[in-house]
Amino acid sequence: MTALRQLAAHLRKDLLLEFRSRDAIIGMLFFALLVVVIFSLAFDPTMAQSRAISGGILWVALLFAAVIALNQAWARETRHNVLDSLRMSPASPALLFLAKALVNFLFVTVLELILAPLFIVFYNLHTLGESWKLLLILPLGTWALVTNGTFFAALSLRTRNRELILLLVLFPLSIPALLGAVLATTAVFTGQDSPDLWIKLLVVFDVIFTTAGLLLFDVVLSAE
Amino acid sequence: MKKLLYLWLPATGALLIYGFMQAWYIAPTEATMGNIQRIFYYHFAIANLMFLFFFLSFIASIGYLAVRRSNPLRAQSFDAFALANAEVGVVYCACVLIQGPLWARPVWGIWWTWDERLTSTLILFLIYVAYLMVRRFAVAGQTQTLAAVIAIFGFLDVPIVYFSIRWWRTQHPSPVIGGGPNTGLDPRIWVAVWWNLAAWLGWGLMLMAFRYYSIRREQRREQEQALAALEATLDIRGEESKR
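Thresholds, definitions, all that
- Residues numbered from 1 in each chain as written.
- Chains lettered and ligands numbered in written order.
- Predicted model: local features only at pLDDT ≥ 70, side-chain atom pairs only at ≥ 80, totals over all residues.
- Heavy atoms only, no water.
- Helix = DSSP H or I, 4+ residues; strand = E, 2+ residues; numbered from the N terminus.
- Contact = heavy atoms within 4.5 Å.
- Areas by Shrake-Rupley, 256 points an atom, 1.4 Å probe, with all protein chains shown as cover.
- Salt bridge = Lys/Arg side-chain N within 4 Å of Asp/Glu carboxyl O.
- Buried < 20%, exposed > 50% of the residue type's maximum accessible area, 1.4 Å probe, protein only.
- Core = buried A, V, L, I, M, F, W, Y, C linked by side-chain atoms within 4.5 Å.
- Expected span 1.5 Å × (residues − 1).
- Lys, Arg positive; Asp, Glu negative; His and termini not counted.
- Phe/Tyr/Trp six-rings, centres within 6.5 Å; stacked < 30°, edge-to-face > 60°.
- Lys NZ or Arg CZ within 6 Å of the ring centre and 35° of its normal.

A.B. asks: So what's going on with the overall build of chain B? Residues and values would help.
C.D. replies: The helix and strand inventory of chain B stands at six helices and zero strands. Helices (α) and strands (β) of chain B occur, in sequence order from the N terminus, as α-α-α-α-α-α. In terms of principal-axis extent, the alpha carbons of chain B reach across some 90 × 45 × 25 Å. Excluding contacts between residues fewer than 6 apart, the proportion of contacts in chain B whose partners are at least 24 apart in sequence is 80%. When the accessible area of chain B is evaluated, it comes to approximately 13,200 Å², of which 67% is carbon and sulfur surface.

See the structure below:
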């Protein structure tokens, strides 16, 4: 019960901060929009092609945009030594991590909700597979990026060249999740294969890395 | 221990020469690929040993995290062991990635294909290079903990990478038909395989041991410097209190 209250307090703080500044959402949204526009200029896709490539473009845009939010997620805690006071508080570090990951998940989901209609318009998409499965694929894939990203963003706070290190660690480790999300999305768009195997892969990835993150976050937070 | 290491050097050298003879002169020439197939003896040995070194690095990283508070001195040696193994693993991985295309070009006609093994080895290489990059960029004093965490995450990722790439490629089979060595093997091939495996294991362990000792030496030097700095401040304090 106390755990839930602590989680709620962390969530409330982060949401309030974002509601007042709107830095992360606006930055992410505009950046993702730019990526989508630039890709469509670069590839000039026809309708049949766009089905085959838009899964990849969607996830690359989301990945890049998520990194923007992730870089800010912990950086705002370093001002006025907020992170140190969080470390001293008796609340469990795992809850802090979980709250941060949930908030980032929410931000990227909002981004997806805004981006999806634009994407459909720009790429002339209408899905040939079972579109309801996107409601599974998008949250699972987003959580995979966000849970690892939140963890490594906290880790990279303790390095020189913070923003570079986040990319260097997050990208190689997320390749299986990204691959699964892209292939599942493409399978739904084209309707040629079943995305089920990839959805299962995403579930396994999420479970393993969420567990690892919850267990090891304390180590990263108090590393010295 | 160090003397053993200097005995190890000629022994490994002899093994490498014997393995070379087995691979080049005694093992029979493969029917379809001819002599080019002999690279297989190195490729197989180094690719498998790479996993061994990454695994040892993973275990040592867990050991480091487990005892870093209770036994900091022991933890230092775990950390040195983890780093030494990761470095040798990256070197072996790079060797595999270089040998692969050298073999593929004459046999498959292409340097590279996004096949399951090639792709997952490449991703593994990227993950462990990221590990070494974090060690380079981390703030002094926190490097070891952060690196241990990355090593654990990286190793957890290995099976997921492997299976995801495998499913990806079974869904879209690659056009390349590799001349697999697993068909009707001559016993002399096995002899060459085992000798080369032993030789490269010995060589890798030796590299790892040398690197381990050099890292330990760096650690001790840093500890001594830290201690000297601490003592210097104590001296100043002492003089101030005398005044």
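Text resumes after the structure shown.
A.B. asks: Summarise the pattern of salt bridges; cite the residues concerned and give the values.
C.D. replies: Counted according to the given criterion, the structure contains 11 salt bridges over all chains. A salt bridge links Glu77 of chain A to Lys100 of chain A, with the nearest nitrogen and oxygen atoms 2.7 Å apart. In this pair, Glu77 of chain A is assigned in helix α3 (residues 47-78) and Lys100 of chain A in helix α5 (residues 93-122), connecting sequence segments 23 residues apart. Each of the two residues, Glu77 of chain A as well as Lys100 of chain A, counts as buried. Residue Arg211 of chain B pairs with Glu218 of chain B through a salt bridge whose shortest N-O separation is 4.0 Å. Here the salt bridges do not stand alone but share partners, grouping Lys13, Asp14, Glu77 and Lys100 of chain A into one network.

A.B. asks: Go over the nonpolar core, please, and point to the residues and values.
C.D. replies: Core analysis: the biggest nonpolar cluster contains 132 residues, and Phe151 and Phe152 of chain A have the highest contact counts within it. Examining the composition of this core, we find that 15 residues originate from one element, helix α2 (residues 40-67) of chain B, more than from any other. Discounting residues that sit within four places of it in the chain, Phe152 of chain A has contacts with Leu166, Val169, Leu170 and Leu173 of chain A together with Ile150 and Phe153 of chain B.

A.B. asks: Outline helix α3 (residues 72-108) of chain B, supporting the account with residue identities and numerical values.
C.D. replies: Given a rise of 1.5 Å per residue, 37 residues ought to cover 54 Å, and the 52 Å separating the end C-alpha atoms of α3 of chain B matches this to within 8%. Following α3 of chain B by one or two positions, Gly109 of chain B has its phi on the positive side, about 85 degrees.

A.B. asks: Tell me what's going on with the side chain of Arg68 of chain B, and back it up with residues and numbers.
C.D. replies: Topologically, Arg68 of chain B is positioned in the loop between α2 and α3. This buried residue, Arg68 of chain B, is left without a salt bridge; Asp218 of chain A holds the nearest opposite charge, at 6.1 Å.

A.B. asks: Can you explain the packing of aromatic side chains? Please cite residues and give values.
C.D. replies: By the definition in use, this model includes 28 aromatic pairs over all chains. With centroids separated by 5.4 Å and ring planes inclined at 80 degrees, the aromatic side chains of Phe53 of chain B and Tyr92 of chain B adopt a geometry described as edge-to-face. Residue Phe53 of chain B is found in helix α2, and its partner Tyr92 of chain B is found in helix α3; the two are separated by 39 residues along the sequence. For the pair shown, Phe53 of chain B and Tyr92 of chain B are each scored as buried. Connected via pairs of aromatic rings, a cluster forms that spans Trp74, Phe97, Phe151, Phe152, Phe205, Phe209 and Phe217 of chain A together with Phe153 of chain B. Lying across the ring of Phe19 of chain A, Arg22 of chain A places its NZ or CZ 5.2 Å from the centre. Across the ring face of Trp74 of chain A, the terminal group of Lys100 of chain A is positioned such that the distance to the ring centre comes to 5.2 Å.

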